[in-house]
Amino acid sequence: MLQTMTAPAAEAQPRPILQLVGVRKTFGRFAAVESIDLDVREGEFLTIVGPSGSGKTTLLRMLAGMDTPSEGYITLRGELINDMPANRRPTCLVFQSLALFPHKSVGENITFPLKVKGVSAAARKARALELMKVVRLPPDYFDKNVMKCSGGERQRVALARAFAYDPQVLFFDEPLSALDYKLKKALEKELKDLHRETGKTFIYITHSLEEAMVMSDRIGVMRAGRLVQVGTPEEIYGAPVDRFVSEFVGEVNTIKVKRDGEEWRGVDVDGRFTLRPPADGAALGEAFVVVRPEYMRFLKEGDTADNRLTGTVYNEYSLGSRIQYQIRVGEKVMLVELSRARALPPGSDPVVTIGWDAADAFTLAG
Amino acid sequence: MATSLIRKQKRTNALIWGWTAFVLVIVYLPILCGALASFNKSRYFGFPIKTFSTDWWDKTLASFEIGMIVKTSILIALVVTVLSVVIATFGALAFARYDWTGRRLYQKLIILPIFFPQPVLGLALLLGFNAVGIQTSWMTAAFAHLVWIVPVVTLVIAIQVYGFDPALEEAAYDLGCSRIQVFREVTLPLLWPGIWSGMLFAFLLSWSNFPLSLYTAGADSTIPKWLYAKMVAGYTPMVPALGTMATLGAAVLLLGGGLVGLLARRRRPA
Amino acid sequence: MADLAHTETQPRALAHAPEGMDGVRHARRLSVGARCALPVAVLLGLGFLAPLVAILAYSFATPRSFDVFRSFTLANFATLFDPSNTVWVSFVWSCGFALFTVALLAVIAYPIAYGLNMVFGRYAGFVSVLFVFPLFVSENVRLYGWVLFFIKNGVLDGTLKWLGLPGGPEVLYTPGITLFGMLYTYLPFMLFPMTLGLALVPRDLVDAARDLGAGRLFIWREIELPLAMPGILIGMLLTFVLAIGATAEAKILGGQSVIVISHDIEIAFTYSQNWPLGSALAVVVTAFIGVLILYVLSRLDLDRMLGRR
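Each value, and the rule that gives it
- Residues numbered from 1 in each chain as written.
- Chains lettered and ligands numbered in written order.
- Predicted model: local features only at pLDDT ≥ 70, side-chain atom pairs only at ≥ 80, totals over all residues.
- Helix = DSSP H or I, 4+ residues; strand = E, 2+ residues; numbered from the N terminus.
- Buried ≥ 20, exposed ≤ 12 C-beta atoms within 10 Å, placed from the backbone.
- Contact = placed C-beta atoms within 7 Å.
- Nonpolar A, V, L, I, M, F, W, Y, C, P; charged D, E, K, R; others polar.
- Pairing = 2+ DSSP bridges.
- Expected span 1.5 Å × (residues − 1).
- UniProt positions renumbered as here; feature names shortened; annotations may be inferred.
- Domains from an automatic or database assignment.
- Core = buried A, V, L, I, M, F, W, Y, C linked by C-beta atoms within 7 Å.
- Axes fitted to C-alpha atoms, helices over the stretch in contact; angles between N-to-C directions.
- Parallel < 35°, antiparallel > 145°, perpendicular 65-115°, else oblique.
- Left-handed = near helix turned anticlockwise from the far one by under 90°.
- pLDDT = per-residue confidence, 0-100.

Moving on, we get to the overall build of chain C. Helix and strand counts for chain C stand at 14 helices and zero strands. Going through the 309 residues of chain C one by one, you find that 47% of them count as buried. Taking all contacts inside chain C whose residues are at least 6 apart in sequence as the whole, residues at least 24 apart take part in 71%.

Here it is, written out as structure tokens:
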């Protein structure tokens, strides 16, 4: 069966399997990846997220050995692999296009890396059938034309092929992006299960944070070639390091504030605010208060909250089990998201007071 | 180890460049030989050339017979260009744009003439003209050229059609255009690069065609046909002279055509 | 959460629209497509199929006569297949030339096609134009250039003598130079389909194979070659068929040291004025070529080759 390793233990410092030091990649004068330092832990599921053009694919191609870094070092279990070509690296990439060989059957695709190694036909088939079981493909698919498989089945074939290579690290380049929503959700969970079952190190890149949140042990956020923040999903969501990360992670209300003596005064909305001190403890003259819509609430007469604003409801969106309100406060639009049970009753006054507690917001440097 | 791999890759690339350059030299060598021969003062060819002169160019340019032949060649090429582009544009739409019953068969039938030996096609056409009693002349030669060139031009334009999003035509319909307006305002401008290359191909392939003209031009003669007659009859420096002129003409046309195409692309909004 | 609700509602709202529109589009296309094909169909019907029919009709006419459609005899075919007739020698020569042309051109063109796809980068367009251009110079002019090159006191011989060497080899008017002429003339017809074929191999697949541990030779054998095969096949077919029908190389360079099949057809039509015999020969050659073409084409998907997705 698959080479199983112990699941990532909660020990203090697991040895990094893959280590990046000052990795940089330039194309002409353009730097696609700017000086990245990263330790990947043995057996973890690490997701790199970032908008398109942030350099995540370039980073992945360097890790997989399809590009070489212009500067810096990539080491695998302590061995420098900067210039090691892809076919010598004990790592394997699952392509965005999946890159299944269209002229080969499901079985031939899966056994391809074994054929390369010169494994006998019988042993190849036995191994392929094992792997097909792991990725939940019926055994009679062995001789099926790979182009006749559905999107989800192709995904499984690509996974089985990668496992057949028995890599120490698996890379994924948004392999789920072309699938429909439902299938994608199901496969995300399956991938997570496979990760746990096999104990392999997975590095996954995507532009969808939702995908990252569901599957990852840790998430790295990339922007303009740099890793802006690396942390657990909770850290990324709850304590983003800057506005880019906070906005990337989901919809937010951002209010620009200025220090006014001991207090903070709104720049783009009227009002005085109580702030949680910024994470790095820096003394700020200007800052942004960031509040997620689900931490906002409507205040009735007598309700208390650390901060409050008054505005007019001008739009509401149904999000299924939840409702989002758009509220105009002066020139700004604030978002409030509630469960349906707590929605404003129909016909209520459009002028509302909204509020939040300082502990539910975070403060970012201006 | 890794650097040796990169070095190996570099060496392979250098070998590929070298081989391509070598083949290109061979490709252009005979054309160069013809040009050299045309500047030899002597009536008979010998190398190295003792005296260079443009005498044979002058004589060729002054010849009334050659003037007639050049005119016939141009006439045929122009007629072929105009007709083949019109026919092939529609042919390419049928080839690549529309789904219709019989398209697969049509796609295969249309490339048959390209896959057919031209000398045999020329003889077959001659026989056909004869069977229905048509006197062969430059017009029958132009028709023969069309049979071979229309499929080529259709493929050239079809490649452009493949890269063209049918939704654009549908959007134009949706915005109230008639079928003709859609064709004029959307289809034609978007296919223009393909049509332009198709026109260049049509003219140049007709200009240089030999086997079809040989059998189907009757008493009229085109440049390649005339050259062949002289080659068989014995050497005259007018053969390389006219051959080189025809080559230069084609080169100028190709360069000019390419340049116009490039400029037209530049003028488009970025 | 927010994304969930959005993406779930959108596809449902649109689900039925494309189906309905597709039906309408299909009905309309059917007639438009056929109408667009009409001019080409008429041209090829008159200019390609009709002459073939005429040839077929002539091949059944009385030998050395012109009474097409008025007589029916198999005498012409009997003459062709008569063991005393040496026309088969020409046919064998033509087939031999064609086979060698295909095999050698495949080897000559492959590195260039590979280079056009993978190595030449932004020069690829320019290199292609350099290979296309000779198609616009009539083949007899180019072949005649080779005569000037190889002839006694020609460019090669003259240069060697000028250098004090014994002079060039006498290669003109031999079957070997005829083959060389064919290689020379038909190179673009192998090169361009092959380039198109290699362009069909997605880079991803090559990268994936390498990532899975495959070496260069393994990738070439398992991935590149099979996926580029449609293009290579078209190139082979095209050069084979054109080489079978070639006459100019044998006449101009070969000096008629060997009579190729098309030349035999031509002789029957011109010098011996035996149109029915020439037609019968043309019918045999056409049938041979036709079967070959239709067989290979039936195995290829032109839409995929030329870029429809």
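Moving on, there is more to tell.
A few words on the overall build of chain A. Scanning chain A from N- to C-terminus turns up eight helices and 20 strands. With the C-alpha coordinates aligned to their principal axes, the bounding extent of chain A is approximately 80 × 45 × 40 Å. Buried positions account for 40% of the 366 residues belonging to chain A. Partitioning the intrachain contacts of chain A with sequence separation of at least 6 by distance along the chain shows that 66% fall at a separation of at least 24.

A common measure of how large an interface is: the accessible area buried when the components associate. Across the contact, 74 residues belong to chain C and 76 residues belong to chain B. The class makeup of the residues in the side of chain C that touches chain B is 52 nonpolar, 17 polar and five charged.

Across the contact, 24 residues belong to chain A and 21 residues belong to chain C. Every element with two or more residues in the side of chain A that touches chain C is listed here: strand S6 (91-94), helix H2 (106-117) and strand S17 (322-329) of chain A. No other element matches H2(A), which puts four residues into the side of chain A that touches chain C. Residues of the side of chain A that touches chain C, tallied by class, amount to 14 nonpolar, five polar and five charged.

Here we take up the sheet that holds strand S18 (residues 332-339) of chain A. Across the sheet, five strands lie side by side as S15-S19-S16-S17-S18 (chain A); this open sheet has antiparallel pairing. Whereas interior strands pair on both sides, the edge strands pair on one side only; in this sheet they are strand S15 (297-298) and S18 of chain A.

What follows is about the pairing of strand S19 (residues 351-356) of chain A. All names here are of chain A. Pairing analysis gives two bridges linking S15 to S19, with the strands arranged antiparallel. Looking across to S19, one finds that Arg297 is bridged to Gly355. Here six bridges tie strand S16 (residues 307-319) to S19, and the two strands are oriented antiparallel to one another. Residue pairing across strands places Leu309 opposite Ile354, the latter belonging to S19.

Attention now goes to helix H4 (residues 151-164) of chain A. Residues separated by three or four positions in an α-helix point in the same direction, a consequence of the helix having 3.6 residues per turn. Residue and element names in this part refer to chain A. The end-to-end C-alpha separation of H4 is 20 Å, in line with the 20 Å expected for 14 residues at 1.5 Å each. The buried fraction of H4 is high, at eleven of 14 residues. The complete set of buried residues in H4 reads Arg154, Gln155, Arg156, Val157, Ala158, Leu159, Ala160, Arg161, Ala162, Phe163 and Ala164. Packing partners of the buried residues in H4 comprise S6, H2, helix H3 (121-134), strand S7 (169-173) and helix H5 (181-198). A positive backbone phi angle near 55 degrees is found at Asp166, which sits one or two residues after H4.

Here we come to the UniProt feature "domain: ABC transporter" (unreviewed entry) in chain A. Here, UniProt's "domain: ABC transporter" (unreviewed entry) annotation points to residues 18-249 of chain A. Taken end to end, residues 18-249 of chain A is 38% helix and 27% strand, and its first and last C-alpha atoms sit 26 Å apart.

A few words now on the domain arrangement of chain C. All names here are of chain C. According to the domain assignment, chain C contains domain 1 (16-59) and domain 2 (77-305). Just the C-alpha atoms count here: the centres of domain 1 and domain 2 sit 31 Å apart. The interface is formed by five residues belonging to domain 1 together with seven residues belonging to domain 2.

Let us now look at the nonpolar core. By size, the foremost hydrophobic cluster in this structure holds 245 residues, and its most contacted members are Val94(A), Ala160(A), Phe171(A), Ala124(B), Val147(B), Val153(B) and Val147(C). In terms of residues, this core owes the most to one element, helix H6 (residues 138-162) of chain B, which gives 17 residues. With 24 residues, the next largest nonpolar core counts Ile255(A), Leu309(A), Met334(A) and Leu335(A) among its residues.

To continue, consider the environment of Ser70(A). Residue and element names in this part refer to chain A. Within the fold, Ser70 resides in the loop between helix H1 (56-64) and strand S4 (71-76). The class for Ser70 is partly exposed, based on 14 C-beta atoms found within 10 Å. In this structure the C-alpha to C-alpha distance between Ser70 and Arg24, which are 46 residues apart in sequence, comes to 5.6 Å.

Further remarks concern the UniProt feature "domain: ABC transmembrane type-1" (unreviewed entry) in chain C. Following the UniProt record, one finds the feature "domain: ABC transmembrane type-1" (unreviewed entry) at residues 91-298 of chain C. Span residues 91-298 of chain C is 77% helix and 0% strand, its end C-alpha atoms 25 Å apart.

As a further point, take the UniProt feature "transmembrane region" (unreviewed entry) in chain C. Here the UniProt-annotated "transmembrane region" (unreviewed entry) positions come out as residues 36-61, 91-113, 120-137, 177-201, 227-245 and 277-298 of chain C. Taken end to end, residues 277-298 of chain C is 100% helix and 0% strand, and its first and last C-alpha atoms sit 31 Å apart.

We now examine the packing of helix H5 (residues 118-132) of chain B against helix H13 (residues 275-298) of chain C. Where H5(B) contacts H13(C), the axes come no closer than 11 Å and their chain directions differ by 135 degrees. Classified by the interaxial angle, the pair formed by H5(B) and H13(C) is oblique. Like other packed secondary-structure pairs, H5(B) and H13(C) cross with a definite hand, here left-handed. Across the interface between the two elements, Val120(B), Leu123(B), Ala124(B) and Leu127(B) of H5(B) pack against Trp275(C), Ser279(C), Ala282(C), Val285(C) and Thr286(C) of H13(C).

Residue and element names in this part refer to chain B. It is the contact of helix H3 (residues 64-97) with helix H8 (residues 179-208), at a shortest axis distance of 8 Å, that shows an interaxial angle of 145 degrees. Note that H3 runs across H8; the crossing there is right-handed. On the side of H3, the interface is formed by Ser73, Ile76, Ala77, Val80, Thr81, Ser84, Val85, Ala88 and Thr89, while H8 contributes Leu191, Ile195, Gly198, Met199, Ala202, Phe203, Ser206 and Trp207.

What follows covers the sheet that holds S4(A). All names here are of chain A. Strand order in the open sheet made by the four strands is S2-S1-S4-S5, with antiparallel pairing throughout. Strands with a single pairing partner mark the edges of an open sheet, and in this sheet they are strand S2 (30-41) and strand S5 (79-80). Relative to S5, S4 runs antiparallel, the two being bridged by two bridges. The residue bridging Thr75 from the neighbouring strand is Leu80, located in S5.

Residue and element names in this part refer to chain C. Across chain C, the average pLDDT comes to 85, with 88% of residues at or above 70. The low-confidence segment residues 1-29, where pLDDT is below 50, has 15 contacts with residues more than four positions distant or belonging to other chains. Confidence metrics for the complex model read pTM 0.81 and ipTM 0.89.

This next bit is on the pairing of strand S10 (residues 226-231) of chain A. Residues and elements named next belong to chain A. In this sheet, S10 lies alongside strand S9 (residues 218-223) in antiparallel orientation, the contact comprising five bridges. Note that in S10 the partner of Val221 across the bridge is Gln229. Between the antiparallel neighbours S9 and S10 lie two residues, among them Ala224 with a positive phi of about 45 degrees.

Residues and elements named next belong to chain A. In this structure, Ser35 takes a positive phi of about 45 degrees despite not being glycine. As for its placement among the helices and strands, Ser35 is situated in strand S2. Even without glycine at this site, Glu174 takes up a positive phi of about 40 degrees. Within the secondary structure, Glu174 sits in the loop between S7 and H5. Residue classification places Glu174 among the buried positions, given that 20 C-beta atoms sit within 10 Å.

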